[in-house]
Amino acid sequence: MWLDDLHLQTAQTFCIDRKADPANWEYKSLYRGDLARYKRCGDVCLGLDTRKQHIIWEDSPRPKKKARKRDDRYYSSSGLQFLSTGPVPVRCRECVQGSIPVSGTNSFIPVPDWAEIESKSLGTVTWFNPLGIYDESTALWLQGKGREEPEKQACVPSDSSEKINWVNMAKVEMFNRMLREDPGNVQTWMEFVRFQDELMQDPSPYMTSAAESEKRKRSRRAVWEKKLAILERAIESNPDNVELKVARLELGKESWEPSNLVNEWKKVVFLHPNNTTLWQRYLLFCQSQFSTFSTSKVNGIYGKCLSTLAAALDGTLLSHPALPDTEEAMLAIFLQQCHFLRQTGHSEKAIALFQALIDFTFFKPDSVAGLITKAQVEFFEPFWDSDEPRFGEGGARGWRVWMRQQERGGWVVLNEKGDDEDEEEDGEEVTDKTLPKWQLWLHVESSRDSKHCLPWRADKAKGQTEEDCEDPDRQVLFDDIGSSMFKVSSPELRFQLMSSFFQLLGIPTGFSLPPCCLNVVLDDPGVFDCGSADERPLSCCPPPAAGVSTIGFMPAMPNARQPVSHCPEGEDFIQTAFHQALPLFTGKERSELALYWLQYEKSKVVRSLQLRRKKQLKSLGKRSKKLAKNLLKEGENRNNLSLWREYAHLEWLLGNVEDSRRVFDTAIAMSVSQGLQSSTLCDLCFLYSSLELESVQSVSASTTMRAVYILTSLALGITYSPYAGEVLPVNVLKARKTYERSFRDSPTHDAALTGSQRPGQLISLMGCFALFQYLTLGIQAADSLYGQAAERLVGLSSVEKAQPKPSVWRQSVMCALERLTVMHVRLLGFHMQASVYPLGPVRHTLTHALGQYPGSLQLWKLYTQVESRSHDASRARRFFDATARSAQDLIVPRLFAIYAEERRKERVDAVQRADLGILYNTFPETGLTNRIRALFEYAVQTEAGAHSVLLWRMYLNFTVTQGNIEKTKGVFYRALQACPWAKVLYLDAVSHLPGQLQEIIDLMTEKEIRIRAPLEELEILMED
């Protein structure tokens, strides 16, 4: 407001406030808000004579002290930037000025020597510089001349302070040139994408400002956008390449919305419906998306995948023909689907899938064999919906017989009444009601998982109907399995289908899971169990499918033990399935199925021995021996040396040593004429001599004569008689010559692999020859022999690579070399138990084999067992790290690296917390804890470890041992984001976080994870 606007006199413009302010009485000065403030621009007052007058201001500012800049430490951002900056290229002045590249015979760039100039001799003595004290510029000034302007050095700046990484700049130019000349090179595009991470760690070669370089370095968004732009440009140049499109989708996980990402995946799958590798990646993506995951939805996507690929095989998918090895990849996807259902808890659907595909494959009627897959499935649906027993159930006759009888008018149904007595009750599920609610729920849930793993079928003899099923989820409808049916025409794949079914039931077979699903299905902590390798180092045979939980049993972390056998219904199902499967095969395949059956019974005996259950061992022993005798009575099995070997080993395990020797001697006498040409005879003699060698306490000439006699008789091939107490030295020499000749005649890298010269035969021969050399000449001879055999197998690997692409489960040189290394290490381990021997040869053998085949579970078990005896962990840590970096697509090396550190921490904690009387050390060792946590974090960030159920279970258990509940919750929810289908993760969370029981069960219900014991039913059981 202005004075002119008031229209008042000047005297009345101001007013006087007569009301006192009490704040002025209480404080020494006025309130700072009532005072007018201004900022003085200087200390000079206008109008004063500065020569005579001066004003001293009370609030004159003191001179600021200049902050002393400290030198940067090595961990500072500028220090890290300097260390990551590449070297500046050095070029001679002539090349820089002339822009001529360095050429000639010199292998280095000549740099002129540095001439140090002292301050006292800056010039020379001349008429204008008589004392020689002027420098060059002063001398030129005295002459009236000026300094010549230096030529512009526009080629390469020599100042290294600009921190320009010329090495990375050269790589960028190289990639641009290569991609411009050959845009169809997909590997170059992928390398250029991976190079962006390395490039962004350094300052950009196109930025001279250090601040801008540092800002760009920290910007992950810029790196992501650049990678995405490169991949989009690569896809424009290669529109049909699937690898580039999958890499783009994997990159999109970081920033795209889940709905957009799902739509992009659907577009790519729609454009390439016949690509099996793309389908496998898409299925893993769908089952690992927590926000959109549900069991029924993912199971439907599996069915759509198999039906689409089946149409491609039939030729009905006109736009995309079937690619090579599609049928084999479909079987791998089918196995992945079955294990997915097993891990979600829907074991009934997993078994029903195998039952349906086995009936669809082996019992197909001839009248529909020529139709396409879709039409065959329509004919198969009435059979599945009928009351006819399926494969593995009592009285099953198959689809073919059922359809033939339906054409004749159907079956004559007999009203067979069942027993008057009802089924035996299983007893009370809740035995101790004083336990906490979460423990009771885990007990009931696990017991029902074991008892109700088979699909429920109505028993017509007892008058049951579908309405009598208390749990509707136990019934498997045709809609759940119909879309997953496909043709399996190859005889090898048919046998693999049957073997995979028995392997799902917990029966050890000779086939391993395909690599595409091995990282995902590993969920059993028993993968680290070495079994009885310490007690029986030579004859111990661990199951090949370790690490995968048996259907119907989900072991909890960390110390839960798998039961010896299934429930009675499960055991009857397995026995019936074997009886029905044996007539479907002939020859070698039939013998292998019989061998799997006997090995399963023997594995239950071994399990009972480990748990020391004498009553159960006695009944299992009688049952196993009866099965072995019945199998050997069959005509096609009388000369089956594999069955004879398992029967003799079974007798030895039961403590019947003399009976076992008689069985061994009978088998050898029956087939000794085959000599070293028979691999099964070599395996039998190797096991026999190994058992004899393990039974003695010391390795000496007198105690090992029986083993030497067995191996000598095998090589000579003469009439065999039981050991009588002596071995002639002449026969030992003859046997050694025979072994050497057989090894010399074995296939080399120049020989072609034939049916009679498989790598497995060489391994069987080498086992007997090396053990013979060990018993007669010593450990050095056996060690040298194993080394020669390994070189021979490496030579055979080049032959295998030149052969047509083998099956993913087929016996190969890799499996043979793995078996050879296991035999080699076990022999060295046995010798170390009997005498003093260094760890160096054992460690060298294992590291060499694991460097070539890092996915071998048996070799990693042996390696961790060997390194546990060493006090120096640095060597093992370096090897674990190098192997994990080289095998990025495998999770096995990282799992065993973490396991080795955890075992080391247990030993350290046991020593530190040991009661030593006066000294009682309670200080924790935190270095290993931080290292284990770092290993877990690195592992879960890799592509192979992000969806590994076993890795997340180990991480969850580790956080529980640290006692931090909040971190345990965080790890659990991170695990669900990556593996929402794994029921064992929910069960582990209930045991570790009992207060979250209701929340966890709600999550399981939302994601359709199988729940067999609802909380409402549990409360009723607790009240009863």
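Residues numbered from 1 in each chain as written. Predicted model: local features only at pLDDT ≥ 70, side-chain atom pairs only at ≥ 80, totals over all residues. Heavy atoms only, no water.

A. How the structure looks around the overall build of the protein chain. A count of helical and extended segments in the protein chain gives 41 helices and two strands. Relative to its full complement of 1024 residues, the protein chain shows a buried share of 46%. Carbon and sulfur atoms provide 53% of the accessible area of the protein chain, an area that totals close to 57200 Å². (Helix = DSSP H or I, 4+ residues; strand = E, 2+ residues; numbered from the N terminus. Buried < 20%, exposed > 50% of the residue type's maximum accessible area, 1.4 Å probe, protein only. Areas by Shrake-Rupley, 256 points an atom, 1.4 Å probe, with all protein chains shown as cover.)

B. Region of the structure containing the packing of helix 22 (residues 587-611) against helix 23 (residues 614-633). Between helix 22 and helix 23, the shortest axis-to-axis distance is 9 Å and the interhelical angle comes to 165 degrees. What the angle tells us is that helix 22 and helix 23 run roughly antiparallel. Crossing geometry of helix 22 relative to helix 23 is assigned as left-handed. Packed against helix 22, whose contacting residues are Ala-594, Trp-597, Leu-598, Glu-601, Lys-604, Val-605, Ser-608 and Leu-609, the element helix 23 presents Gln-616, Leu-617, Leu-620, Gly-621, Arg-623, Ser-624, Leu-627, Ala-628 and Leu-631 at the interface. Looking at the contact of helix 22 with helix 23, its residues break down into 10 nonpolar, four polar and three charged. (Axes fitted to C-alpha atoms, helices over the stretch in contact; angles between N-to-C directions. Parallel < 35°, antiparallel > 145°, perpendicular 65-115°, else oblique. Left-handed = near helix turned anticlockwise from the far one by under 90°. Contact = heavy atoms within 4.5 Å. Nonpolar A, V, L, I, M, F, W, Y, C, P; charged D, E, K, R; others polar.)

C. Highlighting the state of the cysteines. Scanning the model with the defined rule gives zero disulfides in all. No disulfide involves Cys-685; its sulfur sits 6.0 Å from the nearest other cysteine sulfur, which is in Cys-768. Under the relative-accessibility criterion, Cys-685 is labelled buried at 0%. In this structure Cys-768 is not part of a disulfide, and its nearest cysteine sulfur, from Cys-682, lies 4.7 Å away. Take Cys-768: its relative accessible area is 0%, and that puts it in the buried class. (Disulfide = S-S within 2.5 Å.)

D. Representation of a negative patch on the surface in the model. Residues Glu-378, Glu-381, Asp-385, Glu-466, Glu-467, Asp-468 and Asp-479 make up a contiguous surface patch of negative charge. Inspection of the secondary structure puts Glu-466 in the loop between helix 17 (437-451) and helix 18 (478-481). (Patch = residues over 30% accessible without salt bridge, like charges linked within 9 Å, V, L, I, M, F, W, Y side chains within 5 Å. Salt bridge = Lys/Arg side-chain N within 4 Å of Asp/Glu carboxyl O. Lys, Arg positive; Asp, Glu negative; His and termini not counted. Charge placed at Lys NZ, Arg CZ, Asp CG, Glu CD.)

E. Quick look at the confidence of the model for the protein chain. Here the protein chain averages 81 in pLDDT, while 79% of its residues score no lower than 70. Within the model, the stretch residues 93-106 combines pLDDT values under 50 with nine contacts to residues more than four positions away or in other chains. When the criterion is pLDDT under 50, residues 414-425 qualifies, and its contacts beyond four places in sequence or with other chains add up to four contacts. (pLDDT = per-residue confidence, 0-100.)

F. Geometry of the pattern of salt bridges. According to the stated counting rule, one finds 38 salt bridges in the structure shown. A salt bridge links Glu-250 to Arg-281, with the shortest nitrogen-to-oxygen separation between them at 3.2 Å. Taken together, the residues Glu-250 in helix 9 (residues 242-252) and Arg-281 in helix 11 (residues 276-287) connect sequence positions 31 residues apart. Note on Glu-250: relative accessible area 24%, which makes it partly exposed.

G. Representation of the packing of aromatic side chains within the structure. One pass over the structure, following the stated rule, counts 44 aromatic pairs. When the centroid spacing of 6.4 Å and the interplanar angle of 50 degrees are considered together, the rings of Phe-380 and Phe-478 count as tilted. Linking Phe-380 in helix 15 (residues 373-385) with Phe-478 in helix 18, this pair joins segments that are 98 residues apart in sequence. There is no split in this pair, since Phe-380 and Phe-478 are both buried. Centroid distance Phe-936 to Phe-958: 5.6 Å. Interplanar angle 35 degrees. Geometry classified as tilted. Of this pair, Phe-936 sits in helix 36 (residues 926-940) while Phe-958 sits in helix 37 (residues 949-961), placing them 22 residues apart in sequence. Assigned by exposure class, Phe-936 and Phe-958 land together as buried. Chaining the aromatic ring pairs together yields one cluster made of Phe-334, Phe-354, Phe-391, Phe-486, Phe-501, Phe-502, Phe-573, Phe-578 and Trp-597. In this structure, Arg-494 packs its charged tip against the face of Phe-362, placed 5.8 Å from the ring centre. (Phe/Tyr/Trp six-rings, centres within 6.5 Å; stacked < 30°, edge-to-face > 60°. Lys NZ or Arg CZ within 6 Å of the ring centre and 35° of its normal.)

H. Just the nonpolar core, in detail. Formed by 245 residues in total, the largest nonpolar core has its most connected members in Phe-334, Trp-441 and Tyr-739. When neighbours within four sequence positions are excluded, Tyr-739 is seen to be in contact with Leu-676, Leu-711, Leu-714, Ala-715, Leu-765, Cys-768, Phe-769 and Phe-772. (Core = buried A, V, L, I, M, F, W, Y, C linked by side-chain atoms within 4.5 Å.)

I. Representation of unusual backbone geometry within the structure. If you check the backbone angles, Asp-325 has positive phi at about 60 degrees while not being a glycine. With respect to the secondary-structure elements, Asp-325 resides in the loop between helix 12 (295-314) and helix 13 (326-343). Residues other than glycine seldom take positive phi values, yet Glu-1008 does so here, at roughly 60 degrees. Along the chain, Glu-1008 turns up in the loop between helix 40 (997-1006) and helix 41 (1015-1023).

J. Looking closely at the side chain of Arg-1010. Relative to the elements of secondary structure, Arg-1010 occurs in the loop between helix 40 and helix 41. A distance of 2.8 Å separates the side chain of Arg-1010 from the side chain of Asp-471, its partner in a polar contact. (Polar contact = N/O pair within 3.5 Å; in protein donor to acceptor, adjacent residues only side chain to side chain.)

K. Inspection of the side chain of Arg-736 at higher detail. Structurally, Arg-736 is set in helix 28 (residues 729-744). There is no salt bridge for the buried Arg-736, and the closest opposite charge comes from Glu-740, which lies 5.1 Å off by N-O distance. In this structure the side chain of Arg-736 is engaged in a polar contact, spanning 2.9 Å, whose partner is the side chain of Thr-776. For Arg-736, the contacting residues outside a window of four places in its chain are Phe-772, Gln-773, Thr-776 and Leu-777.

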